[in-house]
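Fold and contact review
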Amino acid sequence: MDPLLHRRTHSYSHPPHRENSSRAAAAAIVIRGAVLFLLPLLMLVTVGCTGNRDGETAATTVVGERSALSVLSTSDTAGFARADVVRDFRFPEDDGPHPEFRTEWWYWTGNLESSDGRRFGYQLTFFRQALAPGVRDSAWRSGHTYFANFALTDIDGGQFHAFERFNRGTAGLAGARAFPFRVWVDDWTVHATGANDITGPVELRATEGEISIALTLRAEKPRILHGDHGLSKKSAASGNASYYYSLTRIASDGHIRIGDRTFAVQGTSWLDREWSTSVLDPAQTGWDWFSMQFDDGSELMLYQLRLDNGGIDPFSAGSSIDPTGKRRTLTREEFHIMPRGAWQSPRSGIHWPSGWEVRIPALGLVLDVEPVRDDQELPLTVTYWEGAVRIRGSRTGVGYVELTGY
């Protein structure tokens, strides 16, 4: 039986930190699209779910000797479009899928607070992966698979919950469209209310067991094109790039349910949109990505690509957005990210950076970025760390950090 005919759902909820949890095998090297490049393999090789005495679930995957990095940096791009030149973005069309490219994602994160002051962070992300170039979809056949991650950080409750789903892009099981906007995997969905595009209002919905989130999202700033007018180069090689834009400030309100408790919440979300075919250079081992939303109405996005020699790739970059929505590109030489501590996962054994000092002299910024809790590791089919942070220093605010390849 073709495993792509069946939905796969994996879940993981972290109780408060325990020192005696067993150590898992070292995680595969990934970045945001690596999961998608691996997806055809992950759906066809052994994926086992095993429970431990605490009722947790861990996914273990056999992918042979091909690491996520080697798949992501493959030169086998024949038949797919490449992000190699500046393009003219067209909206709302570019909010939807780009099937001529190998992979893309819609990446929502946010910080929320209930009326009684209880704080939450959330992530709901959708990925599309083309299995082969030029495959036409039909009622039962699809050339695309979709993958989604849903995570909730219950900051004051001291818990972290993470879930994932896979499905094929046909028969209504999963998919994306530009207008009215919708992206979904099963009943996890972000969809426009009425004839609206991705800027909203849109409704974000995800439920897994006793955990659910339901938000209404309204962009407060226009789309921001990163890099060179939306072309975000990740290395010197032609085509090792993505088309990349963000909605950096999205008003968010709705409800979160945890067990038998429901919280009315409001706060701010962030959306990242990227599509590409080939991204990494073989010498790149992973990246650290930061999104920051400051109380003065400005935002900051930074990513640094780490090299196998311990250095930082010169193609690392960022964007600073002022309260009016005006963007300034930041080059690698203009910012410095220095870890101030580390946290070792009791499950994967990985030592993750935990807390950073971020300096941008040209903007007069010295920022102290702290996770709201150390344990925001997603030990799903692919292990990575992504979590809510608080920011102090030259500016104050909230944000999200993603760590891969450790």
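Residues numbered from 1 in each chain as written. Predicted model: local features only at pLDDT ≥ 70, side-chain atom pairs only at ≥ 80, totals over all residues. Heavy atoms only, no water.

Further remarks concern the overall build of the chain. Regarding its fold elements, the chain presents 2 helices and 28 strands. Of all 406 residues assigned to the chain, the portion counted as buried reaches 57%. Long-range pairs, those at least 24 residues apart, make up 61% of the contacts in the chain with a sequence separation of at least 6. Carbon and sulfur atoms provide 50% of the accessible area of the chain, an area that totals close to 15700 Å². (Helix = DSSP H or I, 4+ residues; strand = E, 2+ residues; numbered from the N terminus. Buried < 20%, exposed > 50% of the residue type's maximum accessible area, 1.4 Å probe, protein only. Contact = heavy atoms within 4.5 Å. Areas by Shrake-Rupley, 256 points an atom, 1.4 Å probe, with all protein chains shown as cover.)

Turning our attention to the environment of Leu231. Looking at the element boundaries, Leu231 is found in strand E14 (residues 231-233). Those residues in contact with Leu231 that sit more than four places away from it in its chain are Ala83, Asp84, Val85, Val86, His226, Ala241, Ser242 and Tyr243.

This part is about the packing of aromatic side chains. For the structure on display, the rule yields 20 aromatic pairs. Taking 5.9 Å as the distance between ring centres and 20° as the angle between the ring planes, the aromatic pair formed by Phe89 and Phe91 counts as stacked. Exposure remark for Phe91: the relative accessible area of 30% places this residue in the partly exposed category. On the basis of an interplanar angle of 90° and a centroid distance of 5.9 Å, the ring pair of Phe101 and Tyr243 is categorised as edge-to-face. Placement of Phe101 in the loop between helix H2 (68-72) and strand E4 (103-114) and of Tyr243 in strand E15 (residues 241-258) is noted, with a sequence separation of 142 residues between them. By the burial criterion, Phe101 is buried, and Tyr243 matches it. Put simply, the rings of Phe89, Phe91, Phe101, Tyr243, Tyr245 and Trp275 pair up and form one aromatic cluster. (Phe/Tyr/Trp six-rings, centres within 6.5 Å; stacked < 30°, edge-to-face > 60°.)

Ranked by size, the top nonpolar core spans 43 residues in total, and within it Trp106, Trp108 and Phe126 carry the most contacts. In terms of residue count, the dominant contributor to this core is E15 (7 residues). Membership of the second largest hydrophobic core comes to 22 residues, among which are Leu302, Val358, Leu367 and Leu403. (Core = buried A, V, L, I, M, F, W, Y, C linked by side-chain atoms within 4.5 Å.)

Moving on to the pattern of salt bridges. Following the criterion strictly, the structure yields 24 salt bridges and no others. Note that Glu274 is salt-bridged to Lys234, the shortest N-O span being 3.5 Å. You can see Glu274 sitting in strand E16 (residues 261-276) and its partner Lys234 sitting in the loop between E14 and E15, a full 40 residues away along the chain. Each member of the pair, Glu274 as well as Lys234, carries the same accessibility label: buried. Where salt bridges share partners, they join Arg165, Asp186, Asp187 and Glu208 into one cluster. (Salt bridge = Lys/Arg side-chain N within 4 Å of Asp/Glu carboxyl O.)

On to the environment of Leu131, then. Within the secondary structure layout, Leu131 lies in the loop between strand E5 (119-130) and strand E6 (144-154). Take Leu131: its relative accessible area is 33%, and that puts it in the partly exposed class. Distance in space between the C-alpha atoms of Leu131 and His144 is 5.7 Å, their sequence separation being 13 residues.

Now for the environment of Thr189. The residue Thr189 is located in strand E10 (residues 188-192) in this model. Look past the residues within four positions of Thr189 in its chain and what remains in contact with it is Leu124, Phe126, Arg182, Val183, Trp184, Glu203, Leu204 and Arg205. Among the polar contacts made by the side chain of Thr189, one reaches the main-chain carbonyl oxygen of Val183 at a distance of 3.4 Å. (Polar contact = N/O pair within 3.5 Å; in protein donor to acceptor, adjacent residues only side chain to side chain.)

Moving on: the confidence of the model for the chain. When pLDDT is averaged along the chain, the result is 85, and 82% of the positions lie at 70 or above. Across residues 16-31, confidence stays below pLDDT 50; counting only partners more than four residues off in sequence or on other chains, it has 40 contacts. Counting contacts from residues 33-73, a segment whose pLDDT is below 50, to residues more than four positions away or on other chains yields 88 contacts. (pLDDT = per-residue confidence, 0-100.)

Topologically, Arg249 is positioned in strand E15. Classification of Arg249 by relative accessible area gives buried; the value is 13%. Polar side-chain contacts of Arg249 include one of 2.9 Å to the backbone oxygen of Phe294. Contacts of Arg249, omitting those with residues within four sequence positions, involve Arg218, Ala219, Glu220, Lys221, Thr268, Ser269, Gln293, Phe294, Gly297, Ser298 and Glu299.

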